[in-house]
Each structure stands twice: as C-alpha cells, then as structure tokens.
Amino acid sequence: MKKYLVQIGFVLAVFLLILICGQISIPGLKSLPQNEVMASVSQVIATATIKTTTTSRSDQTLNIPIIIYHSVRPTRPEETEAQKRYNISPDRFEEQLTYLKNNGYTTISLDQMVADLERGTTSPITKPVILTFDDGWKNQYEYAFPLLKKYNDTATFYVYTNPIEKDERFLIWSQIKEMSDAGMTIGSHSVYHPYFSKATPAELKKEIFNSKKTLEKHLGKKVSHFATPYGQTSSQIEKLIKEAGYTTGRVTTKKSPITKENLFHLSAFFVPQNLQDFIGLLENKN
Ligand SMILES: [Zn+2]
C-alpha cells in the first residue's frame, strides 16, 4: 500500500512539473504555481533586456556625417578664394542632393539623432546624414530651401538673431517660420556672432541664453540646438549650452565621436565644392 502511494505521488509530481513548464493548461487550475513561475521567468528576461539596453546606450557611437553650409547662391566671377569657401552654387548643391538620393542616403534632423542615441539602438535609417546651414543668410531661403523641399530633405538652420529684420542680406522672421513649419530645424548661432574665445562669461551667457529666448518667442516652439560661431569652444561654453536647455551643441570642426555623453561637443565639416570630395566626406564619416 505504501509503495502504491509513493508511485501515485511520483506521477502527481511529474504532472505538476509539466504544468509548471506551461506545457498543459487546465481551466480552473490557474492558481497553481505555473503563473508565479512564468512571472518570475518574465522578470528575469526583462531584467536581462534592461541590462543589455543600458550597456548598448552608454557604448553607442553613431556614424553620421554633419556638414556645414554657409551661402547658397550662383557664384560670381570676381569671387575671392575665401568667398568661394563660404558659398556653394545652387547647381552644385542640387548635384549633392541628387547624389544623396541616388546612393541611399537620408537626411535626418538633430532631434532624430538624439532620439536614436536615447533609444540606444541603431537607427533603422541606413546612411543618415545631417545638413546644417550657418548664419541665417537670406540666400539659404531663396536657393537651398526650395531644393531641400524638392528632394524631400531636411536640414538645420543655425541663425544668429541680431541681423534678423535689420540687415537685408539675412533672413526675416516670416521666412524662418516658414522653413520651421516645413520641417526644417531652426537652431541658435548666438546673438551677435562674436568670437567666443574673447567673450566674457557674462557675454557668453547672453549670447547662448538670449538667442534661444528670442528664437523661441518668434517661432512658438522649443529651440534645442546651438552652434558656436567660428567653431570655438571650451568646457565652460559647453556647460552653458547645456544649462540654457539645449540638447546639442555643434562646437568644433575637429573630429569628435557622436555619443550620448558628447552631445555638447559635436563636430562638423565644411562642405566641399567638388562632388568627389563630398563623397569622400560622406564615406569617412565623423
Ligand atoms: Zn557663423
């Protein structure tokens, strides 16, 4: 009799084990340890997943070329080398946009780049590239903006606020607003475009904080990206950019990795005129 009971006990134990493993489910037996066991298993899996995500977040480096443009207008025959360096003709610019489109590149916003880093996973977009336009020249609205729309591209326009509505070579608020509403990012490039290396701490604070306020007042939206004039930076400048509430600072032309910890020390490259050099820049990345 005792032996018989042991055998029944053994069979019941095996049956219980199968239930725990989730192989059989019987209505009315939901209160068996199955649920608890499965919950524990889920918890272990979740903990492992969080750990993996955290690891990839802190280690992640994005390879996204950030390109700097200034003027965009037809070239003039009498131009000096310096003027040429700061201008690209609409034809050359269109040639670059065509190359990007035909070769699988996608222009992305800085917000998207930050989101990719925050998420800690590789962007589903292959071959991303970031186009930035400095200073707020009116010809950017006249020549670059229509081409960006034509090719369904996005770009960031870093404007400095003092010449707006004062100097006819620069953008006016309605143009900046129109570009912003059309999906372009408007970033700050200071108030007066001074040499940051020569500015006092009080001046730096005004340049970084006040330009943000002015832009936000006119655009009715948050301005999250800052670029220092002349690519001049220091740890103090980068600290102020962060304190002002920006999420990125493009501050140098010296190569610098794009990581979550390095968002206030972003680097970018001047756009080359020649298509082969442009391709080289895209392929060498950042
Ligand atoms: Zn500038």
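Below you will find a few notes about this structure.

Regarding the overall build of the protein chain
Part 1 of the reasoning: Of regular secondary structure, the protein chain possesses ten helices and eleven strands.
Part 2 of the reasoning: In the protein chain, buried positions account for 29% of the 286 residues.
Part 3 of the reasoning: Sequence separation of 24 or more characterises 62% of the internal contacts of the protein chain that already satisfy a separation of 6 or more.

Some words on the nonpolar core
Part 1 of the reasoning: If you look at the biggest cluster of nonpolar residues, it comprises 50 residues, and the most contacted ones within it are Ile 67, Tyr 69, Ile 130, Phe 157 and Ile 186.
Part 2 of the reasoning: At five residues, the largest contribution of residues to this core is made by helix 6 (residues 138-150).
Part 3 of the reasoning: Here Tyr 69 is in contact with Ile 88, Leu 131, Thr 132, Phe 133, Ala 144 and Val 271, once residues within four sequence places are set aside.

Thoughts on unusual backbone geometry
Part 1 of the reasoning: Phi at Asp 135 takes a positive value of approximately 85°, unusual for a residue other than glycine.
Part 2 of the reasoning: Secondary-structure assignment places Asp 135 in strand 5 (residues 128-135).
Part 3 of the reasoning: What makes Asp 135 buried here is the crowd of 21 C-beta atoms within 10 Å.

Focus: the packing of helix 4 (residues 90-102) against helix 10 (residues 275-284)
Part 1 of the reasoning: In the contact formed by helix 4 and helix 10, the axes pass within 11 Å of each other and the chain directions differ by 45°. In terms of axis orientation, helix 4 runs oblique to helix 10. Once helix 4 is placed against helix 10, the crossing between them reads as right-handed. Facing Glu 95, Gln 96 and Tyr 99 of helix 4, the residues of helix 10 in contact are Leu 275, Phe 278 and Ile 279.
Part 2 of the reasoning: For the contact of helix 4 with helix 10, the residue count by class is four nonpolar, one polar and one charged.

Describing helix 5 (residues 110-119)
Part 1 of the reasoning: Taken residue by residue, helix 5 has Leu 110, Met 113, Asp 116 and Leu 117 as its buried positions. All buried residues of helix 5 project into a common sector of 120° when viewed along the axis, lining one side.
Part 2 of the reasoning: Those residues of helix 5 hidden inside the fold are in contact with strand 5, strand 6 (156-159), strand 7 (185-188), strand 8 (225-227) and strand 9 (248-252).
Part 3 of the reasoning: Phi turns positive one or two residues past the end of helix 5, at Gly 120, with a value near 75°.

Looking at the pairing of strand 9
Part 1 of the reasoning: Counting buried positions along strand 9 gives four out of five residues, so the element sits mostly inside the fold.
Part 2 of the reasoning: Alignment of strand 8 against strand 9, held across three bridges, turns out to be parallel. When the bridges of strand 9 are listed, Ala 227 appears paired with Arg 250.
Part 3 of the reasoning: Assessed by its sense of winding, the connection that carries the chain from strand 8 through helix 9 (residues 235-243) to strand 9 is right-handed.
Part 4 of the reasoning: Looking at chain direction, strand 9 and strand 10 (residues 266-267) are connected through two bridges and run parallel. Along strand 10, the bridge assignment pairs Arg 250 with Leu 266.

Observations concerning the packing of helix 8 (residues 201-219) against helix 9
Part 1 of the reasoning: One can describe the packing of helix 8 onto helix 9 by two numbers: an axis separation of 9 Å at closest approach and a directional angle of 35°. The way helix 8 lies across helix 9 gives a crossing that is right-handed. Between helix 8 and helix 9, the residues in contact are Leu 204, Lys 205 and Ile 208 and Ile 237, Leu 240 and Ile 241, respectively.
Part 2 of the reasoning: Each residue belonging to the contact of helix 8 with helix 9 can be placed in one class, and the counts come to five nonpolar, no polar and one charged.

The rules behind the values
- Residues numbered from 1 in each chain as written.
- Predicted model: local features only at pLDDT ≥ 70, side-chain atom pairs only at ≥ 80, totals over all residues.
- Helix = DSSP H or I, 4+ residues; strand = E, 2+ residues; numbered from the N terminus.
- Buried ≥ 20, exposed ≤ 12 C-beta atoms within 10 Å, placed from the backbone.
- Contact = placed C-beta atoms within 7 Å.
- Core = buried A, V, L, I, M, F, W, Y, C linked by C-beta atoms within 7 Å.
- Axes fitted to C-alpha atoms, helices over the stretch in contact; angles between N-to-C directions.
- Parallel < 35°, antiparallel > 145°, perpendicular 65-115°, else oblique.
- Left-handed = near helix turned anticlockwise from the far one by under 90°.
- Nonpolar A, V, L, I, M, F, W, Y, C, P; charged D, E, K, R; others polar.
- Arc of directions from axis to C-beta.
- Pairing = 2+ DSSP bridges.
- Right-handed = clockwise from strand over helix to strand, strands pointing away.

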